[in-house]
Amino acid sequence: MKIIPQELEDIVGADNVTADDETCRIYSEDAANLPGIAKQIIDNQFDVVAQPVTVKSLQHLLRYAMEHDLPIVPRGNGTSGWGGAIPVKRGLCVSLTQMNQMVHLDDYACTVTVEAGITWRELLMILERMGTTLPVYPSSATAATVGGFVASGGFGIGSAKHGEIGDQVVGIEAVLANGKIVRVGDVVVGPQPDDLHDEATEGTEWLSDKVGGSIRLNEVLSGTYGTLGIITKVTLRTIPKLQLRPFACSFESIADLAKVAQIMIDSALPYHLRYLDNNHTSKLASLIGFPAEWDKFLLAGALHGTIYDNDDGIEAIEKIVSENQGTLLDEKRADFHWDERLYPLRFKRQGPSLVPAEVTTPVDNLPDLHQDTLDRLGNSKFAVEGTIGADGVASYLVWILDDERKKFRYTIGWHRSFDIASLARKHEGHPYAVALWNTRHAKVFYGEDKIAKLKQLKKDVDPRNMLNPVKVFGGRAQTAWHSQLFGFGVGFILTFGLLFFGPSFLGLTRAGDLLTSFPLQFLHVQLIWYLSILGGAVGLLAMKLMTLNQALAMGIPLLRFLDKFLNR
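Figured I'd write up the structure that's included with this text. Position numbers for residues count from 1 along each chain, tracking the sequence in the order it is written. Given that the model is predicted, a residue must reach a pLDDT of at least 70 before its local features are reported, and side-chain atom pairs must reach 80 or more before they are shown or counted; all residues, however, enter totals for whole chains, interfaces and linings. Hydrogens are left out, water is left out, and the side-chain values use all remaining heavy atoms of the structure.

Notes on the environment of Leu 401
For step 1, the next point in the chain: Numbering of helices and strands runs from the N terminus; a helix is a DSSP stretch of H or I covering at least four residues, while a strand is a stretch of E covering at least two. Summarising the element assignment, Leu 401 is placed in strand β18 (residues 393-402).
For step 2, the next point in the chain: Between the alpha carbons of Leu 401 and Ile 126 there is a distance of 37 Å; along the sequence they are 275 residues apart.

What about the nonpolar core?
For step 1, the next point in the chain: Remark: nonpolar core denotes a set of buried residues (Ala, Val, Leu, Ile, Met, Phe, Trp, Tyr, Cys) joined through side-chain atoms within 4.5 Å. The buried label goes to any residue with under 20% of its type's maximum accessible area, the exposed label to any with over 50%, and the partly exposed label to all in between, with areas taken from a 1.4 Å probe on protein chains only. One finds Leu 92, Trp 120, Leu 123, Tyr 137, Val 146, Leu 221 and Leu 236 to be the most contacted residues of the largest nonpolar core, which totals 85 residues.
For step 2, the next point in the chain: With seven residues, the top contributor of residues to this core is helix α4 (residues 55-67).
For step 3, the next point in the chain: Excluding residues that lie within four positions of it along the chain, Leu 236 makes contacts with Cys 110, Thr 111, Val 112, Trp 120, Leu 123, Leu 134, Val 146, Ile 165, Gln 168, Val 169 and Val 170.
For step 4, the next point in the chain: Formed by 58 residues, the second largest nonpolar core is a distinct cluster that contains Ile 86, Ala 261, Ala 357 and Ile 420. In this description, contact between two residues means that some pair of their heavy atoms is separated by no more than 4.5 Å.

Considerations on the pairing of strand β8 (residues 169-176)
For step 1, the next point in the chain: Most of β8 is tucked away: eight of the eight residues are buried.
For step 2, the next point in the chain: DSSP-based pairing: two strands are paired if at least 2 bridges between them are found. Here β8 pairs with strand β10 (residues 229-237) via seven bridges, running antiparallel. In the sheet register, Ile 172 faces β10, and the bridge partner there is Val 234.
For step 3, the next point in the chain: With five bridges connecting them, β8 and strand β9 (residues 181-185) associate as antiparallel partners. Bridge pairing links Val 175 to Ile 181 in β9.

Structural notes on the packing of helix α14 (residues 366-377) against helix α16 (residues 415-426)
For step 1, the next point in the chain: Note on definitions: angles span 0 to 180 degrees between N-to-C directions of axes, and those axes are lines fitted to C-alpha atoms, for helices only across the stretch in contact. Following both chains from N to C, one finds α14 and α16 inclined at 145 degrees, their axes separated by 10 Å at the closest point. Judged by the twist between their axes, the crossing of α14 over α16 is right-handed. Residue-level inspection shows Leu 369, Asp 372, Thr 373, Arg 376 and Leu 377 of α14 in contact with α16, the latter providing Arg 416, Asp 419, Ile 420, Leu 423, Ala 424 and Lys 426.
For step 2, the next point in the chain: When grouped by side-chain class, the residues that make up the contact of α14 with α16 number five nonpolar, one polar and five charged. Here a crossing is called left-handed whenever its near helix is offset anticlockwise from the far helix by less than a right angle, and right-handed whenever the offset is clockwise. In this classification, Asp, Glu, Lys and Arg are treated as charged, Ala, Val, Leu, Ile, Met, Phe, Trp, Tyr, Cys and Pro as nonpolar, and every other residue, Gly included, as polar.

Quick word on unusual backbone geometry
A negative phi holds for most residues other than glycine; trans holds for most peptide bonds.
For step 1, the next point in the chain: In this model, Gln 325 sits at a positive phi of 60 degrees, which is unusual for a non-glycine residue.
For step 2, the next point in the chain: Structurally, Gln 325 can be placed in the loop between α12 (307-322) and β15 (326-328).
For step 3, the next point in the chain: The backbone of Asn 468 shows a phi angle near 45 degrees, a positive value even though the residue is not glycine.
For step 4, the next point in the chain: Its place among the elements puts Asn 468 in the loop between α18 (448-461) and α19 (481-506).
For step 5, the next point in the chain: Using a relative accessible area of 0% as the deciding quantity, one classes Asn 468 as buried.

Digging into the sheet that holds strand β16 (residues 353-362)
For step 1, the next point in the chain: Spatially, the eight strands line up as an open sheet ordered β15-β12-β14-β13-β17-β18-β16-β19, and their pairing is antiparallel. Since the sheet does not close on itself, it has two edges, and those belong to β15 and β19 (430-431), each with one partner.
For step 2, the next point in the chain: Relative to strand β17 (residues 382-387), strand β13 (residues 272-276) is paired through three bridges, and the arrangement is antiparallel. Its bridge partner lying in β17, Arg 274 is registered against Thr 387.
For step 3, the next point in the chain: Sheet strands in contact with α16 are β16, β18 and β19, and its direction is about 5 degrees off that of β16.

Description of the sheet that holds strand β5 (residues 102-106)
For step 1, the next point in the chain: The five strands lie next to each other as β5-β6-β10-β8-β9, forming an open sheet whose pairing is antiparallel. A strand with exactly one partner marks an edge of an open sheet, and here the two such strands are β5 and β9. When the angles between neighbouring strand axes are averaged without regard to direction, this sheet yields 15 degrees.
For step 2, the next point in the chain: Together, β8 and β9 form the strand contacts of helix α8 (residues 197-211), whose direction differs from that of β9 by roughly 70 degrees.

Shape is all these values report; function is a separate question.
This is the structure in structure tokens:
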């Protein structure tokens, strides 16, 4: 449908709506640099960007979108790279960044409630001035929003001690795709008047009846990328602000690093644990001038506790490291690597472009996964880093250097990101995020039982798949005209080739003569051309009806073949 910006202005205010082409283009991107082929299987530019400032205005916006069959995608600051906040069918971007206030801090219950659009950096600054802090926050905290990280889920800084971000969520307020306001868990809004209480209670009861206790209500909204509802408020756990004591150690092999990391996790020592492979430390050393870390595997992190606890912890770490062929680095290097936790993209200086791939695997499997990565990526320039969680599962983030200005080569090399996801399956792992590009791994990521229940809930709240369409659950994207032309061409050529060569190959001479005859005297067009056009139409229809996963299933092997062929 044609979007009328003035109607959206009546809902969220004239200053909070824009249809400017440049603005829409900026909001249509996330942290990844998409190759041209990706833009052929999704229609990846928003028509309009709207920024609601209240829950009620967001509710009205969602109802308007559903009434007008308008695709709608929630967005924070777009710091992820897995397609969770980009459009696939144009439509409306709902930016939550204007809903960015701290609602309530409860020192007694050790919780804080904030609106979804506040950044983690802003929240940390507020809390730390009050003598408290957060158990877990993302490495992209300088820009990432609270709602965005909760909606996507995953590890962060502090996960070595406190687990994933979902474990720190006490309650979530959201507007479901059908316009119902819900509050799952314990959303603490404080002493101020709560105008949404009755409506939220009714909406939550409806959701509870639909879910029926089959999955935790928090899991409906945390880790599902805004496909079922748009998060508006989050209540998070807080912890006392104690001393942070950074540490860093280096190893000759990733096997020694993985062994030490597992011991540290089992001993519940670190607050945060991050690792870098030897490619990463070498590139980083060349940028900042610390040759002692060249070609070393690095394990860095921090302890969080009293001065005395941290002194004991450092002694224990030094003993563990020395017993396992490692070297404990000095405090200056430890402080440097602690500061680097918020700048994971520094490696991009070696670029100019990066192709990301991120998976998870048990710490014990890191050496084997790393060796397979080396074998698979061959001569590609890449580096690896990751975060280790309290359950002994590690994220494995591969930064592959490339140059998006070389469009053909960049497009062909895109398969490498998907190859890493396939490797993880060999080592008890799966993609770090589902979002858009990994929906074919949803059963492994969520589990077959949970994804089945989430799919049913999606049908109940969003039967026409308008809210963040195609994400998590898959579906048909909106292919660009180039792809449709390609489908027509393939269908036409295959049909023509089959009809032209097939009869003679099978010895059907009369059939061949019929195909090359003129069907009508006044239309001097042979029958074979009519049928080939029909074959092209079938190819065009197939492209229009193809799901995203089907397109990837066809495209990735083709890119892999072209890459090998051109690099022979």
